[in-house]
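Structural overview
Listed below, chain by chain, are the residues.
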Amino acid sequence: MPDATNVRDTEAIGAETLASVAQAMAEIAQRAMSQGQEAWEFCFNSMTTAQAPVAATGYERGRRIMADGHAMLETYRQIVDRSMDDLQAYISAGASMSRGLLRAQRAYIDGLRNAVESWGDKPQALLRSTSPIEAARMQRELCLDALNGIVAYNLAALQALSQAAQDAMRPLHERAR
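Cut-offs and rules
Residues numbered from 1 in each chain as written. Predicted model: local features only at pLDDT ≥ 70, side-chain atom pairs only at ≥ 80, totals over all residues. Heavy atoms only, no water. Helix = DSSP H or I, 4+ residues; strand = E, 2+ residues; numbered from the N terminus. Contact = heavy atoms within 4.5 Å. Areas by Shrake-Rupley, 256 points an atom, 1.4 Å probe, with all protein chains shown as cover. Expected span 1.5 Å × (residues − 1). Bend = angle between axes of the 7 residues up to and from the residue. Buried < 20%, exposed > 50% of the residue type's maximum accessible area, 1.4 Å probe, protein only. Phe/Tyr/Trp six-rings, centres within 6.5 Å; stacked < 30°, edge-to-face > 60°. Salt bridge = Lys/Arg side-chain N within 4 Å of Asp/Glu carboxyl O. pLDDT = per-residue confidence, 0-100.

**A look at the overall build of the protein chain**
Looking only at helices and strands, the protein chain features four helices and zero strands. The N-to-C order of helical and strand elements in the protein chain reads α-α-α-α. Here the contacts in the protein chain between residues at least 6 apart in sequence split such that 76% fall between residues at least 24 apart. When the accessible surface of the protein chain is summed, it comes to about 12,500 Å², and 60% of that surface belongs to carbon and sulfur atoms.

Spelled out as structure tokens, the structure:
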């Protein structure tokens, strides 16, 4: 059974991984914007350094290149915005699933603890039974307690997983709209 420290360590590792993915996406976006800016600057410099005899032709060509450069920058901006929004939705979905898995794990641990606590001294009473009928009754009570516990903590765990799946799908559905 994992203890709270292992769960917190797992959560921290997951959070660090998600943060590093977000940082990598931000760096990629920055590089794309930087390359777009360099392309724009190249176009502008090309236009301003054109020779006088071809100034009219160079001016029109430079204007078209700048217009295309602006469109290219706008396209990159849209790609970066969309990618960052998608990444945020994926991270949110992953975090929701992680929380749900932790809730399910806690439900199992709590269920096992509750089952063991509900038995009390019944296992010892079973060993101290003096007749087969008394032993059979004690075994029946222990089995019923165990089955009730299994049903209860499985129900709690499945509810936690179901809620996690719904929570994880919410940001993805919002991105799909």
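Continuing now.
**Comments concerning helix α4 (residues 132-176)**
The α-helix advances 3.6 residues per turn, and as a result positions three or four apart in sequence lie on the same side. In this model α4 runs 64 Å from its N-terminal to its C-terminal C-alpha over 45 residues, within 8% of the 66 Å that 1.5 Å per residue would give. Approximately 25° is the largest bend angle found in α4, and it occurs at R170, with the proline P171 only one to four residues beyond. Looking at α4, one finds that the buried residues are A135, M138, L142, G149, Y153, A157, A160, A164, D167, A168 and P171.

**Here's the deal with the packing of aromatic side chains**
For the structure on display, the rule yields one aromatic pair. Ring plane angle 70° and centroid distance 5.4 Å describe the contact between Y108 and Y153, whose orientation is recorded as edge-to-face. One end of the pair, Y108, is in helix α2 (residues 55-119); the other, Y153, is in helix α4, and 45 residues separate them in sequence. Residue class for Y108 comes out partly exposed when judged on its relative accessible area of 34%.

**Brief notes about the environment of G111**
Mapped onto the secondary structure, G111 falls in helix α2. In this structure the C-alpha to C-alpha distance between G111 and A157, which are 46 residues apart in sequence, comes to 9.3 Å.

**Brief notes about the pattern of salt bridges**
Scanning all chains against the criterion turns up eight salt bridges. Of the charged contacts, one joins K122 and E141 as a salt bridge, the two residues approaching to 3.9 Å between their closest N and O atoms. Here K122, found in helix α3 (residues 122-128), pairs with E141, found in helix α4; they are 19 residues apart in sequence, far enough to count as distant. Across the pair R170 and D167 runs a salt bridge, and its minimum N-O distance is 3.2 Å. Here the residue R170 and the residue D167 both occupy positions in helix α4, the gap between them amounting to three residues, near one helical turn. R170 gets classed as partly exposed once you look at its relative accessible area, which sits at 43%. A relative accessible area of 18% places D167 in the buried class. It is possible to trace a salt-bridge network through shared partners that takes in E74, R77 and D81.

**Here's the deal with the environment of I109**
Tracing the sequence through the fold places I109 in helix α2. For the pair I109 and A157, spaced 48 residues apart in sequence, the C-alpha separation works out to 9.9 Å.

**Remarks on the confidence of the model for the protein chain**
Averaged over the protein chain, the pLDDT score is 79; the fraction of residues at 70 or greater is 80%. Mean pLDDT values for the elements of the protein chain range from 70 in helix α1 (residues 4-48) up to 86 in α4.

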